[in-house]
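# Breakdown of the fold
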Amino acid sequence: MKRPDLKKGLRRGIYVIPTSFTILNLFFGFRSIVNSMLAIEKIAMGRIDLAIPLFERACWSLFIAAVFDTFDGMVARQLGATSEFGKEYDSLADVVTFGAAPAVLVYAWGLRVLDPLGAGIAFLFLVAVSLRLARFNVMTGKTDYRYFVGLPSPAGALTIASIVYYAPVPVSINDTRFAYVILIMTIFVSFSMVPPIRYRSQKGLNLQKERSLVYFLVFALILAIALKWPKEFFFVFAILYLLSGPFARLWSIVFPPRHVEPDAAPAAPETHHA
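Scope of this entry: the structure provided in the associated data block. (Residues numbered from 1 in each chain as written. Predicted model: local features only at pLDDT ≥ 70, side-chain atom pairs only at ≥ 80, totals over all residues. Heavy atoms only, no water.)

## Details of the side chain of Ser 32
The criterion, for reference: Only DSSP runs of H or I covering at least 4 residues are called helices, and only runs of E covering at least 2 are called strands; the numbering of each starts at the N terminus. By definition in these notes, contact holds between two residues if any of their heavy atoms fall within 4.5 Å.
Relative to the elements of secondary structure, Ser 32 occurs in helix H1 (residues 6-44). Once residues lying within four places of it in the same chain are set aside, the contact partners of Ser 32 are Ala 58, Ser 61, Leu 62 and Ala 101.

If you want it as structure tokens, here you go:
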């Protein structure tokens with residue numbers, strides 16, 4: 001009998017760790033969908049007061065899912081456990097967590113009063129996320145790793161979640177004007193994921209470089225603001241990041257750089273963020 005390959009067995013065990021993070025990502029996406037559906041049920045019963053905490057839980061589920069989505073690729077790279085299976089499974093999980101879950105959330109909270117039109121725009125968001133993830137998979141390693149091409153799908157989902165979390169009271173059927181504002185915002189977020197507009201990536205940040213103490217003071221200040229006013233902080237941060245891509249594109253058109261950057265920079269180690 002052949003002795004089992006201990007190294008191969010350990011390597012299979014390592015793969016469990018990043019996959020577990022992806023499963024947790026998927027779990028919290030599913031949890032967000034369940035809470036959004038329960039909120040619709042409470043609204044139908046006329047219990048708006050019970051729907052509000054359910055919407056807040058749905059938003060927090062997406063925030064937590066984004067944390068696990070950030071760490072699954074990071075852990076996989078650190079352990080040398082990247083694989084095609086992990087990449088594809090992560091994309092499938094992201095379609096649910098950052099596509100279907102926020103689409104159900106924004107429909108239940110703000111687009112439900114617009115009937116078929118609201119459902120269609122929520123579906124548009126889901127389609128945009130799926131297209132964004134498919135393009136990310138075929139472009140991995142071919143673009144500048146310091147930037148995302150198009151708004152990342154987690155950022156799009158968290159933009160929706162931050163808006164709902166900021167004002168969790170569901171849109172009333174008598175307030176269709178605000179519902180149309182949410183509709184326009186959803187369309188804008190959806191189309192931000194499709195065009196080749198660059199968004200800054202955290203992979204371009206050099207965390208090993210020495211920094212001044214001022215950076216740590218600013219970080220502490222931001223953390224204090226986030227703890228004191230979490231709803232306002234998440235809302236403002238999400239909107240600023242959403243607008244950063246179009247603004248940077250307009251800035252480069254008005255003030256073109258003197259030295260043109262190459263189309264593709266050296267590819268970073270493969271990651272699963274899209």
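## Observations regarding the environment of Thr 19
For Thr 19, the position within the fold is in helix H1. Counting along the chain gives 68 residues from Thr 19 to Lys 87, while the straight-line C-alpha distance between them is 9.7 Å.

## Points about the pattern of salt bridges
Pairing is possible between side chains that carry opposite charge, provided their charged atoms lie close to one another. Test applied: The salt bridge criterion pairs a side-chain nitrogen of Lys or Arg with a carboxyl oxygen of Asp or Glu, the two atoms within 4 Å. For the exposure calls, accessible area comes from a 1.4 Å probe over protein chains only, and a residue counts as buried if that area is under 20% of its type's maximum, exposed if over 50%, partly exposed in between.
In the structure shown here, the tally under the stated rule is 2 salt bridges. We note a salt bridge from Arg 47 to Asp 49, for which the minimum N-O separation is 2.9 Å. Classification of Asp 49 as partly exposed rests on a relative accessible area of 45%. For Lys 231, the salt bridge is made with Glu 56, and the minimal N-O distance between the two is 3.2 Å. Here Lys 231 is found in helix H8 (residues 230-254), whereas its partner Glu 56 is found in helix H2 (residues 48-79), with 175 residues between them in sequence. Its relative accessible area of 24% is what places Lys 231 among the partly exposed residues. Owing to a relative accessible area of 23%, Glu 56 belongs among the partly exposed residues under this scheme.

## A few points about the packing of helix H6 (residues 176-192) against H8
Cut-off, in case you're wondering: Axis definition: a line fitted to C-alpha atoms, limited for helices to the stretch in contact. Angles are taken between N-to-C directions and run from 0 to 180 degrees. Working definition: roughly parallel below 35 degrees, roughly antiparallel above 145 degrees, roughly perpendicular at 65 to 115 degrees, and oblique for all remaining angles. The handedness criterion is simple: a crossing whose near helix is rotated anticlockwise from the far helix by less than a right angle is left-handed, and one whose near helix is rotated clockwise is right-handed. Residues were grouped as follows: Ala, Val, Leu, Ile, Met, Phe, Trp, Tyr, Cys and Pro as nonpolar; Asp, Glu, Lys and Arg as charged; and all remaining residues, including Gly, as polar.
As a packed pair, H6 and H8 sit with axes 11 Å apart at the nearest point and diverge in direction by 55 degrees. The pairing of H6 with H8 is recorded here as oblique in orientation. Remark: the crossing between H6 and H8 carries left-handed chirality. Between H6 and H8, the residues in contact are Met 185, Phe 188, Val 189 and Ser 192 and Ile 239, Leu 242, Leu 243 and Pro 246, respectively. Of the residues that constitute the contact of H6 with H8, the class distribution is 7 nonpolar, 1 polar and no charged.

## Examining the packing of helix H4 (residues 116-139) against H6
Here H4 crosses H6 at 20 degrees, and the two axes come no closer than 9 Å. It follows from the interaxial angle that H4 and H6 lie roughly parallel. Between H4 and H6 lies a crossing whose hand is left-handed. Touching Leu 117, Ile 121, Leu 124, Phe 125 and Ala 128 of H4 are Tyr 180, Leu 183, Thr 186, Ile 187, Val 189, Ser 190 and Phe 191, all from H6.

## Structural notes on unusual backbone geometry
Positive phi outside glycine occurs at Asp 115, with the angle close to 55 degrees. The topology assignment puts Asp 115 in the loop between helix H3 (84-111) and H4. Under the relative-accessibility criterion, Asp 115 is labelled partly exposed at 49%.

## Description of the environment of Leu 92
Along the polypeptide, Leu 92 turns up in helix H3. As for Leu 92 and Leu 133, which are separated by 41 residues in sequence, their C-alpha atoms are 8.8 Å apart.

## Remarks on the side chain of Ser 190
Within the element layout of this structure, Ser 190 appears in helix H6. For Ser 190, a relative accessible area of 1% gives the class buried.

## Considering the nonpolar core
Counted only if it meets this: For our purposes a nonpolar core is just a set of buried Ala, Val, Leu, Ile, Met, Phe, Trp, Tyr and Cys residues, chained together by side-chain atoms within 4.5 Å.
Within the largest apolar cluster, 42 residues are counted, with the highest numbers of intra-cluster contacts made by Phe 55, Cys 59, Leu 105, Leu 111, Phe 125, Leu 151 and Val 164. For this core, the elements supplying multiple residues, two or more each, are H1, H2, H3, H4, helix H5 (153-166) and H6. Leave out the neighbours within four places in its chain, and Phe 55 touches Ala 39, Ile 43, Leu 105, Ala 108, Trp 109, Val 164, Pro 168 and Pro 170. Formed by 6 residues, the second largest nonpolar core is a distinct cluster that contains Ala 65, Ala 66, Phe 68 and Phe 98.

## Comments concerning the packing of aromatic side chains
Here is the rule we go by: Each aromatic pair joins two rings of Phe, Tyr and Trp (for Trp, the six-membered one) with centres within 6.5 Å, and gets the label stacked for planes under 30 degrees apart, edge-to-face for over 60, and tilted for any other angle. Ring-over charges, as used throughout, are those where CZ of Arg or NZ of Lys falls within 6 Å of the ring centre and within 35 degrees of the ring normal.
Considering all chains together, one arrives at 15 aromatic pairs under this definition. A ring pair is formed by Trp 60 and Phe 234, whose centres lie 6.0 Å apart and whose planes are at 90 degrees; its orientation type is edge-to-face. In this pair, Trp 60 is assigned in helix H2 and Phe 234 in helix H8, connecting sequence segments 174 residues apart. Look at Trp 60 and you get partly exposed, because its relative accessible area is 36%. Three or more aromatic residues link up through ring pairs in this structure, and these residues are Trp 60, Phe 63, Tyr 165, Phe 233, Phe 234 and Phe 237. A cation over an aromatic ring shows up here: Lys 231 above the ring of Tyr 165, its NZ or CZ 5.4 Å from the ring centre.

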